[in-house]
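Here are the chains, one letter per residue:
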Amino acid sequence: PIKKGYVLLYMLLYSETLVRSAKSMAKEKGVPVFFINSSGKRIKGVVDYSDVGIEEWLGLFLNAEFIFTN
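Basis of the calculations
Residues numbered from 1 in each chain as written. Predicted model: local features only at pLDDT ≥ 70, side-chain atom pairs only at ≥ 80, totals over all residues. Heavy atoms only, no water. Helix = DSSP H or I, 4+ residues; strand = E, 2+ residues; numbered from the N terminus. Buried < 20%, exposed > 50% of the residue type's maximum accessible area, 1.4 Å probe, protein only. Core = buried A, V, L, I, M, F, W, Y, C linked by side-chain atoms within 4.5 Å. Contact = heavy atoms within 4.5 Å. Phe/Tyr/Trp six-rings, centres within 6.5 Å; stacked < 30°, edge-to-face > 60°.

A. Up close: the environment of S21. Structurally, the position occupied by S21 is in helix α1 (residues 16-29). Accessibility expressed as a relative area gives 31% for S21, which makes it partly exposed. For the pair S21 and F68, spaced 47 residues apart in sequence, the C-alpha to C-alpha distance is 7.9 Å.

Right, dumping it as structure tokens:
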């Protein structure tokens with residue numbers, strides 16, 4: 001399991017506004033942004049976890065300090 005201390009960004013449709021909001025919160029809290037998406041888009045400065053299994057996927061939600069989603 002991934003330890004606590006990150007912002008999770010989960011997007012079904014890409015949204016630049018959502019990306020900016022997640023990055024802003026992460027910067028304020030001093031934590032990284034982890035990203036799960038179905039768009040295939042890569043985002044600079046964000047750790048992509050789109051190819052994880054179900055246990056890891058659930059763990060990302062469970063251990064996130066904040067979740068940004070659409």
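B. Here's a closer look at the nonpolar core. Core analysis: the biggest nonpolar cluster contains 14 residues, and V7, L9, M11, V33, I43 and F68 have the highest contact counts within it. Every element with two or more residues in this core is listed here: β1 (7-11), α1 and β2 (33-37). With 5 residues, α1 is the largest single contributor of residues to this core. In contact with V33, other than residues within four places in its own chain, are V7, L9, A22, K23, A26, V46 and V47. Grouped together as the second largest cluster of nonpolar side chains are 6 residues, Y6, L8, L60 and A64 included.

C. Quick peek at the packing of aromatic side chains. As enumerated under the stated definition, the model contains 5 aromatic pairs in all. Taking 5.8 Å as the distance between ring centres and 80° as the angle between the ring planes, the aromatic pair formed by Y10 and W57 counts as edge-to-face. Of this pair, Y10 sits in strand β1 while W57 sits in helix α2 (residues 54-63), and the two are 47 residues apart along the sequence. With 5.3 Å between their ring centres and 75° between their planes, Y10 and F61 make a pair best called edge-to-face. Note that Y10 is positioned in strand β1 and F61 in helix α2, a separation of 51 residues in sequence. Taken together, the ring pairs in this structure connect Y6, F34 and Y49 into an aromatic cluster.

Scope: geometric values only; no functional claims are made or implied.
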